[in-house]
Amino acid sequence: EDEITGFITVLSDVTEQEKMEMERREFVSNVSHELRTPLTTMRSYIEALSEGAWENKKIAPKFLKVTYNETERMIRLVNDLLQLSRMDNKEYSLNRRRTEFISYFNGVIDRFEMNIKEHITLIRELPKGNFYVWLDKDRMTQVLDNIISNAIKYSPEGGSIICKVEKLDNRQLLVSIEDHGLGIPFEMRDKIFERFYRVDRARTRKLGGSGLGLAITKEIVELHYGEIWVESIEGKGTTILFTLPLMNQKRRSEV
């Protein structure tokens, strides 16, 4: 019996190692692909410019804009990779402060409303009162920026995005961002927080995403002791939801 138990343990360890190795190879392959694509594009445009296109006043600015955009895309990718690497190596610390979430969330939405396209409407469904959480504002802003930006990208003309907060009990806030875009197929919902996973690769790449935004979002929410998940109906829209622990009721009455 001991031999069987030992064999099962070894087999389990080998299986886990094989899984980790497969994930590592896939990750390296994805990084290589994501960097190769903009680099190949840049090389083509730079070659064209060096061969005389720089003299064409109509073409040259367009070619330079493409190379600039591709450079920016690579910088975003590298920055996201460095952030995930710090998280993986436990080198990532939060600078959390006691924060009233509703006023903070209103400020984030205000910023989007100043820059949002006219055909998208942001709707607020926020409770009255003060709700205090222990928050790293910079990191949580990154979370909300990722989620709201995705909702805007995939919203149709004339669409609306609902930014909602609910008090679940005396211990948690539930934050949700709902769009009315194409939605996510059922079999893909568990994968959207994986690194480099994209529901629509062609469109996301065109819009400049690194494929790491939601993976980083998940890590940051979990560092705040929250949970994050997705609800979606294909063809009708997607809602990203996450929880945050509320601070003690007594402390919330202070300020």
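This structure is a prediction, so every number in the text was calculated from the model and none was measured. (Residues numbered from 1 in each chain as written. Predicted model: local features only at pLDDT ≥ 70, side-chain atom pairs only at ≥ 80, totals over all residues. Heavy atoms only, no water.)

Chemist: Help me understand helix α6 (residues 213-223) in this model?
Modeler: Side chains of residues three or four places apart in an α-helix project in the same direction, reflecting 3.6 residues per turn. Those residues of α6 that sit buried are L214, A215, I216, T217, I220 and V221. Looking one or two places after α6, you find Y225, whose phi comes out positive at around 65 degrees. (Buried < 20%, exposed > 50% of the residue type's maximum accessible area, 1.4 Å probe, protein only. Helix = DSSP H or I, 4+ residues; strand = E, 2+ residues; numbered from the N terminus.)

Chemist: How do you make sense of the nonpolar core when you look at a structure like this?
Modeler: Looking at soluble globular proteins, one finds that nonpolar side chains tend to be buried together. Formed by 43 residues in total, the largest nonpolar core has its most connected members in F101, F105, M140, L144, I161, I177 and F242. Sequence-distant contacts of F101, defined by excluding residues within four places in its chain, comprise F131, V133, L135, M140, V165, L173, V175 and L244. (Core = buried A, V, L, I, M, F, W, Y, C linked by side-chain atoms within 4.5 Å. Contact = heavy atoms within 4.5 Å.)

Chemist: Hey, could you run me through the pairing of strand β5 (residues 172-178) in this one?
Modeler: Consecutive side chains of a regular strand alternate in pointing toward one face of the sheet and then the other. Of all 7 residues making up β5, 5 are buried, and the element is well covered by its neighbours. Sheet topology note: the strand β4 (residues 160-167)/β5 ladder contains 6 bridges and is antiparallel. Considered in β5, the bridge of K164 is made with S176. In sequence, β4 turns back onto β5 through a hairpin of 4 residues. Across 7 bridges, β5 lies against strand β7 (residues 237-245) in antiparallel orientation. (Pairing = 2+ DSSP bridges.)

Chemist: How do you make sense of the packing of aromatic side chains when you look at a structure like this?
Modeler: The description of two aromatic rings rests on the distance between their centres and on the angle between their planes. A complete count under the given rule lists 3 aromatic pairs for this structure. Ring geometry for Y45 versus F63: centroids 4.7 Å apart, planes at 85 degrees, classification edge-to-face. Of the two residues, Y45 is situated in helix α1 (residues 2-50) and F63 in helix α2 (residues 59-88); the sequence distance between them amounts to 18 residues. A centroid spacing of 5.6 Å and a plane angle of 40 degrees characterise the contact between F101 and F105, whose relative ring orientation is tilted. In this pair, F101 and F105 are both assigned in helix α3 (residues 101-115), 4 residues apart and thus about one turn of the helix distant. Neither residue differs from the other here; F101 and F105 are each classed as buried. An aromatic cluster of three or more residues is present, and its members are F101, Y104 and F105. (Phe/Tyr/Trp six-rings, centres within 6.5 Å; stacked < 30°, edge-to-face > 60°.)

Chemist: Could you clarify how one ought to interpret the side chain of T67 in this entry?
Modeler: Checked against the element boundaries, T67 lands in helix α2. Residue T67 is classed as buried on the basis of its relative accessible area of 11%. Polar side-chain contacts of T67 include one of 2.7 Å to the backbone oxygen of L64. The residues touching T67, leaving out its near neighbours within four places in the chain, are M42, Y45 and I46. (Polar contact = N/O pair within 3.5 Å; in protein donor to acceptor, adjacent residues only side chain to side chain.)

Read these as geometric descriptors, not functional statements.
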